[in-house]
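# Examination of the molecular architecture
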Amino acid sequence: MSGKLRLGVNIDHVATVRNARGTAFPDPVRAGLLAAQAGADGITAHLREDRRHIHDDDIARLKAELTVPLNFEMAATAEMQEIALRHRPHAVCLVPERREERTTEGGLDVVHEEARLGAFIAPLREAGCRVSLFIGADSAQIEAAARIGAAVVEIHTGAYCDAHHEGRIADRDAELARIAVAAEHAHALGLEVHGGHGLTFETVAPVAALPQMQELNIGHFLIGEAIFTGLAEAIAGMRQRMDAARA
Ligand code: PXP
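Reading the values: rules and limits
Residues numbered from 1 in each chain as written. Predicted model: local features only at pLDDT ≥ 70, side-chain atom pairs only at ≥ 80, totals over all residues. Heavy atoms only, no water. Near = heavy atom within 4 Å. Polar contact = N/O pair within 3.5 Å; in protein donor to acceptor, adjacent residues only side chain to side chain. Areas by Shrake-Rupley, 256 points an atom, 1.4 Å probe, with all protein chains shown as cover. Nonpolar A, V, L, I, M, F, W, Y, C, P; charged D, E, K, R; others polar. Helix = DSSP H or I, 4+ residues; strand = E, 2+ residues; numbered from the N terminus. Buried < 20%, exposed > 50% of the residue type's maximum accessible area, 1.4 Å probe, protein only. Lys, Arg positive; Asp, Glu negative; His and termini not counted. Salt bridge = Lys/Arg side-chain N within 4 Å of Asp/Glu carboxyl O. Contact = heavy atoms within 4.5 Å. Pairing = 2+ DSSP bridges. Axes fitted to C-alpha atoms, helices over the stretch in contact; angles between N-to-C directions.

## Some points on the site of the ligand
Residues in contact with the ligand amount to 13 residues; listed here are only the nearest, Glu-73, Glu-154, Gly-198, Gly-219 and His-220. A distance of 2.9 Å is found between an oxygen atom of the ligand and a side-chain nitrogen or oxygen belonging to Glu-73. At 2.4 Å from a nitrogen atom of the ligand is found a side-chain nitrogen or oxygen belonging to Glu-154. The protein chains hide 94% of the 390 Å² of surface that the ligand would expose on its own. The residue makeup of the shell around the ligand, split by class, is three nonpolar, eight polar and two charged.

## So, the environment of Glu-184
Tracing the sequence through the fold places Glu-184 in helix α8 (residues 169-188). Separated by 141 residues in sequence, Glu-184 and Ile-43 have C-alpha atoms that sit 25 Å apart.

## Some words on the side chain of Glu-225
Examined against the element boundaries, Glu-225 turns out to sit in helix α10 (residues 220-229). No salt bridge is formed by the buried Glu-225. Its closest oppositely charged neighbour is Arg-241, at 7.4 Å. Residue contacts for Glu-225: discarding those within four places in its chain leaves Phe-201, Gly-230 and Ala-234.

## Considering the pattern of salt bridges
Throughout the structure, instances matching the rule amount to 19 salt bridges. The closest approach of N and O atoms between Asp-58 and Arg-18, which form a salt bridge, is 2.8 Å. Of this pair, Asp-58 sits in helix α3 (residues 56-65) while Arg-18 sits in helix α1 (residues 12-21), and the two are 40 residues apart along the sequence. A salt bridge links Asp-173 to Arg-172; the shortest N-O distance between them is 2.9 Å. Look at the salt bridges and you will find they share partners, linking Lys-4, Asp-41, Arg-239 and Asp-243 into a network.

## Description of the sheet that holds strand β7 (residues 192-196)
As summarised here, the arrangement of the eight strands in space is β1-β2-β3-β4-β5-β6-β7-β8, forming a closed barrel in which the pairing is parallel. Ignoring which end each strand starts from, the neighbouring axes of this sheet average 25° apart. Pairing of strand β5 (residues 130-135) with strand β6 (residues 152-156), which is carried by four bridges, proceeds in the parallel orientation. Opposite Ser-132, over in β6, you have Val-152 as the bridge partner. Sheet strands touched by helix α4 (residues 78-87): β3 (70-74) and β4 (91-94). Its angle to β3, the strand with the most contacts, is close to 165°. Its contacts with the sheet put helix α11 (residues 231-246) on β1 (6-10) and β8 (213-218), and the angle it makes with β1 is roughly 150°.

What follows is the structure, encoded as structure tokens:
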């Protein structure tokens with residue numbers, strides 16, 4: 001396994017800035033189009049239950065205007081399932097969601113929700129969406145994801161990134177080792193392996209170097225970096241680090 005590692009750019013926080021003023025700008029769809037021009041292989045947007053950043057209309061416009069695949073992140077609720085089935089995005093990434101959290105803090109508990117999630121993803125699969133489950137680097141969760149017929153697992157890289165940026169080197173290395181084992185395990189079970197959450201210029205290379213990784217989804221850091229250098233340069237910088245790690 002190896003080959004080109006795809007970069008999915010998450011544009012949620014363009015909408016966060018827009019919503020801070022209740023205006024129509026900055027427009028996350030414009031950011032998605034620009035990101036694709038700058039080398040993003042796909043665009044990720046998370047429609048949260050509380051609509052704190054991306055709104056329903058953003059999803060409709062992204063689906064209509066993007067020329068690269070849309071990865072629609074959502075919680076496994078009936079409301080979101082109906083929206084996904086209406087738009088039929090290329091991919092649906094299921095994430096756990098808690099209203100009070102600042103961001104997606106952990107992975108899904110597929111083990112304890114196996115029957116419900118299996119039934120939940122069936123119509124999405126039938127509609128032609130690639131279903132991805134956002135999970136921690138945990139063998140039981142990977143096995144459950146494979147059992148219910150998910151096409152993809154996205155492994156949560158947040159704990160690894162936090163440990164790095166907090167200078168907890170032993171923890172960082174242990175987290176990275178867990179991600180590496182999980183990627184190997186998922187790949188061996190026939191799952192496509194993605195990674196994401198918290199990745200930065202400093203943390204991306206070791207994750208990008210894992211041969212089973214096929215896609216990284218990155219948002220917060222890139223949108224923040226874009227304030228200083230522009231979105232195209234931020235994406236080019238990430239792309240270059242990913243490609244170098246892969247080579
Ligand atoms: N992947 C998933 C499943 C996520 O929920 C998020 C955050 O929305 C990301 C990737 C991107 O994380 P970040 O914004 O920290 O780069």
